[in-house]
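Inside the fold
Residue-level listing of the chains:
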Amino acid sequence: MKTTSDKNYKLLLIDDDKMDRMVFQRYLQKSKIKFDIYECDKGQSGINEFQKNQFDCVFLDYGLPDTDGLQVLEKVLLTDPSALIIMLTGMGDESLAVQCIKAGATDYIPKNSLSSDILSRCLKALDLKKSKKTAEKDSQAKPEFLSRISHELRTPMNAILGFAQLMSENKKDPLSPNHKKQIEQILIAGKHLLALLNKVLDLSGIESGNIPISIEPVYVTEVVNNVLDEIRPLTEKQNIQLINESVAKRDFLVDTDRTRLKQVLLNIISNGIKYNREKGEVILSYESVDTETLQINIKDTGIGIPEDKLDRLFDPFDRLGSENSEIEGVGMGLTISKKLISLMNGTLGVQSVFNEGSHFYIRLPLTSKNEIAVKKITTDINENFEDTNSRKVFKILYVEDNSANIELVKDIFSEHSNLQILPAPNGKKGIELAETVQPDLILMDINMPEMNGLEAIEHLKSCQKTQHIPVIALSANAMQKDIDQAMEAGFKDYITKPINISKLKNTIDAFCKP
């Protein structure tokens, strides 16, 4: 049954009591709310009506003759998890109200409390709740969409960057200088695209709350030295002097996420290098500003930021006019950095004078019971893959449905005669080969036809013949939730595509030892 009064709100009333339905409509009319209302006197007919139409709100009686109101609530929410449902009951039981809200009801109104004023306020409040639910739904959909886009882009990029790396590093058939220069441009462009993709995923993860932060006591000197070693080649290329004023001074323990702090420092220091002047300087230092706070300073002698643009510095995609320059960037690094520092209970600020330079400072909480000591940190980075010529033949099963990726991995290890790469086109075939061949190591893609990597590893871990074989994920799924899910499933490591050849070699070397 349908009654109309200048449509605005589209309502569904499920109540078996005719008198209660009449009273409800009378209150609606007195409230001067514009509405279309559909009435049902049984739970099942109400469910059927809901599945046929879209309603702004459902008013649901708790006591129905054919079914329990909570069962109707459950079925309506199964049809549309974002549905707004207000429970009505003749019983003013507080515990019943709690039960309804826990089951997913938006609100709860005892029938003896109904009035035109309450219904008017209730429906107007629903607009805000509906907007919030829509925003939450969109927020959840955005990371999933970006994750799929990321996977689709990373798969071809894996072949582009992988084979380009091999061609560039090939000593057996070296490229001509001109061809090598062209390949380097492919690598630079590909890495830039990959960096952009990673920043979009980071920003999306932060905004949706899906980026994990692991707070632990971290020695600042260790992180700083690691960052400086990694970024020094960029300073040499740009002819910029990188100065660490805290060398051989006191070390500090701060409560932070080691990986994310390194990410922020790399971003700010690289900006200081890119936006600097010829033979300029980037100066890094850190000091305690009080008993509870450490401040890390990054100062540069670059172009500086005009005062009228400072308030836009941390806005996403706003490069403050530099988008017309030759300096690469998309305007997301500082946005991400500020959000990450905030998630780590710190602050990121800036002072800048146009044509003189900028001073970025990061404030982080010192670890309680902080032990300050002089500590000499040395970094030993060895990315040379150990040759396996003097070792036994190691069998590596590579489960991958993309033939280009299989050829890439084969080519990467083509000069290592003691490594045998055995391809399998899907999870099912991979399990069969693992049981019969007994490889020393398995490389596994995640998204595959017939059986995906997560299903395959579950089978491998439950089978006595294969449960001892280490499995490494090699996937274009780069979202943190995908990595966490894989590690929880039993993968020993997770390498994202496009493949970093040095990392892949080092990882395999660690597992393939006698």
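These numbers come from a predicted model, not from an experiment. (Residues numbered from 1 in each chain as written. Predicted model: local features only at pLDDT ≥ 70, side-chain atom pairs only at ≥ 80, totals over all residues. Heavy atoms only, no water.)

Focus: the sheet that holds strand β19 (residues 471-475)
Read across the sheet, five strands follow the order β17-β16-β18-β19-β20 without closing on themselves; strand pairing throughout is parallel. Looking at the sheet topology across the chains shown, the edges are occupied by β17 (419-424) and β20 (493-496). Averaged over all adjacent pairs, the angle separating strand axes in this sheet is 20 degrees, with direction ignored. Across the sheet, helix α14 (residues 501-511) lies against β16 (394-399), β17, β18 (441-444), β19 and β20, angled at about 160 degrees from β20, the strand it touches most. (Pairing = 2+ DSSP bridges. Helix = DSSP H or I, 4+ residues; strand = E, 2+ residues; numbered from the N terminus. Axes fitted to C-alpha atoms, helices over the stretch in contact; angles between N-to-C directions. Contact = heavy atoms within 4.5 Å.)

Some points on unusual backbone geometry
The general pattern is negative phi for most residues beyond glycine and trans for most peptide bonds. Of note, the bond from Lys497 into Pro498 is cis; its omega dihedral lies within 30 degrees of zero at 0 degrees. Examined against the element boundaries, Pro498 turns out to sit in the loop between β20 and α14. One non-glycine residue, Asn355, adopts positive backbone phi at about 70 degrees. When its relative accessible area of 49% is taken as the criterion, Asn355 is described as partly exposed. You will see that Gln438, though not glycine, has its phi angle at about 55 degrees, which is positive. The topology assignment puts Gln438 in the loop between α11 (427-437) and β18. (Buried < 20%, exposed > 50% of the residue type's maximum accessible area, 1.4 Å probe, protein only.)

Overview of the pattern of salt bridges
Within this structure, the stated rule accounts for 10 salt bridges. In this structure, Lys111 and Asp61 form a salt bridge, with 3.4 Å as the shortest nitrogen-oxygen distance. Taken together, the residues Lys111 in the loop between β6 (107-110) and α5 (116-169) and Asp61 in strand β4 (residues 57-61) connect sequence positions 50 residues apart. Of the two residues examined, Lys111 and Asp61, each falls in the buried class. A salt bridge links Lys481 to Asp482; its shortest N-O distance comes to 3.5 Å. The class of Lys481 is partly exposed, set by a relative accessible area of 36%. Residue classification places Asp482 among the buried positions, given a relative accessible area of 13%. If you follow the salt bridges from partner to partner, you end up with Asp15, Asp20, Asp61 and Lys111 in one network. (Salt bridge = Lys/Arg side-chain N within 4 Å of Asp/Glu carboxyl O.)

A look at the nonpolar core
The biggest cluster of nonpolar side chains holds 39 residues, and the ones touching the most others in it are Leu265, Ile269, Ile296, Ile298 and Ile362. Considering each element in turn, this core owes the most residues, seven residues, to helix α8 (residues 258-274). Those residues in contact with Ile362 that lie beyond four places of it in its chain are Val264, Leu265, Ile268, Leu294, Gln295, Ile296, Ile298, Ile341, Thr347 and Leu348. (Core = buried A, V, L, I, M, F, W, Y, C linked by side-chain atoms within 4.5 Å.)

Re the pairing of β18
Across the two faces of β18 the burial is the same, with Leu441 and Leu443 and Ile442 and Met444 all buried. Taken together, the four bridges between β16 and β18 define a ladder with parallel strand orientation. Its bridge partner being in β18, Leu397 is matched across the sheet by Ile442. Examined bridge by bridge, β18 and β19 share three bridges and lie parallel to one another. Directly across from Ile442, in β19, lies its bridge partner Val471. For the segment spanning β18, helix α12 (residues 453-462) and β19, crossover handedness is right-handed. (Right-handed = clockwise from strand over helix to strand, strands pointing away.)

Topic: the packing of α11 against α12
In the contact formed by α11 and α12, the axes pass within 9 Å of each other and the chain directions differ by 25 degrees. By the angle class used here, α11 and α12 are roughly parallel. Every pair of crossing elements has a handedness; the one defined by α11 and α12 is right-handed. Two secondary-structure elements touch here, α11 through Gly427, Ile431, Ala434 and Glu435 and α12 through Ala456, His459 and Leu460. Residues belonging to the contact of α11 with α12 are distributed by class as follows: four nonpolar, two polar and one charged. (Parallel < 35°, antiparallel > 145°, perpendicular 65-115°, else oblique. Left-handed = near helix turned anticlockwise from the far one by under 90°. Nonpolar A, V, L, I, M, F, W, Y, C, P; charged D, E, K, R; others polar.)

Concerning the packing of aromatic side chains
Under the counting rule described, the total for this entry stands at four aromatic pairs. Geometrically, the ring pair formed by Phe252 and Tyr286 is edge-to-face, given 6.3 Å between the ring centres and 85 degrees between the ring planes. Pair noted here: Phe252 is in the loop between β9 (250-251) and β10 (253-256) and Tyr286 is in strand β11 (residues 281-288), with a separation of 34 residues, a long-range link. The two residues Phe252 and Tyr286 agree in class, both being buried. The ring of Phe314 carries Lys338 above its face, with NZ or CZ at 4.6 Å from the centroid. (Phe/Tyr/Trp six-rings, centres within 6.5 Å; stacked < 30°, edge-to-face > 60°. Lys NZ or Arg CZ within 6 Å of the ring centre and 35° of its normal.)

Topic: the sheet that holds β11
Taken together, the five strands give an open sheet; going across it, the order is β8-β11-β12-β14-β13, and neighbouring strands pair in mixed fashion. Both edges of this open sheet fall to β8 (241-244) and β13 (347-353), since each of them pairs with a single strand only. When strand polarity is set aside, the average angle formed by the axes of neighbouring strands in this sheet is 15 degrees. Lying on the sheet, helix α7 (residues 220-238) is in contact with β8, β11 and β12 (293-300); it crosses β8 at an angle near 170 degrees. Taken strand by strand, helix α9 (residues 333-343) contacts β13 and β14 (357-365), and its axis lies near 135 degrees from that of β13.

Let's talk about α14
Inspection of α14 places Ile501, Leu504, Lys505, Thr507, Ile508 and Asp509 among the buried residues, and these make up the whole buried set. Measuring from the side-chain oxygen of the N-cap residue of α14 to the backbone nitrogen of Ser502 gives 3.1 Å; that N-cap residue is Asn500. (Polar contact = N/O pair within 3.5 Å; in protein donor to acceptor, adjacent residues only side chain to side chain.)

Re the environment of Gly104
Within the element layout of this structure, Gly104 appears in the loop between α4 (94-103) and β6. Distance in space between the C-alpha atoms of Gly104 and Leu77 is 7.7 Å, their sequence separation being 27 residues. Aside from chain neighbours lying at most four places away, what touches Gly104 is Leu73 and Leu77.

Remarks on the environment of Lys481
Note on placement: Lys481 falls in helix α13 (residues 480-489). A polar contact of 3.5 Å, which involves the side chain of Lys481, links it to the side chain of Asp482.

Here's the deal with the pairing of strand β5 (residues 85-89)
Among the five residues in β5, five count as buried, and that is most of the element. Residues Ile85, Met87 and Thr89 of β5 are buried on one face, and the alternating residues Ile86 and Leu88, pointing to the opposite face, are buried as well. Of the pairings in the sheet, the one linking β4 to β5 comprises four bridges and is parallel in character. Bridging from a neighbouring strand, Asp61 pairs with Leu88 of β5. The parallel pair β4 and β5, bridged by helix α3 (residues 69-79), forms a crossover whose chirality is right-handed. Pairing analysis gives four bridges linking β5 to β6, with the strands arranged parallel.

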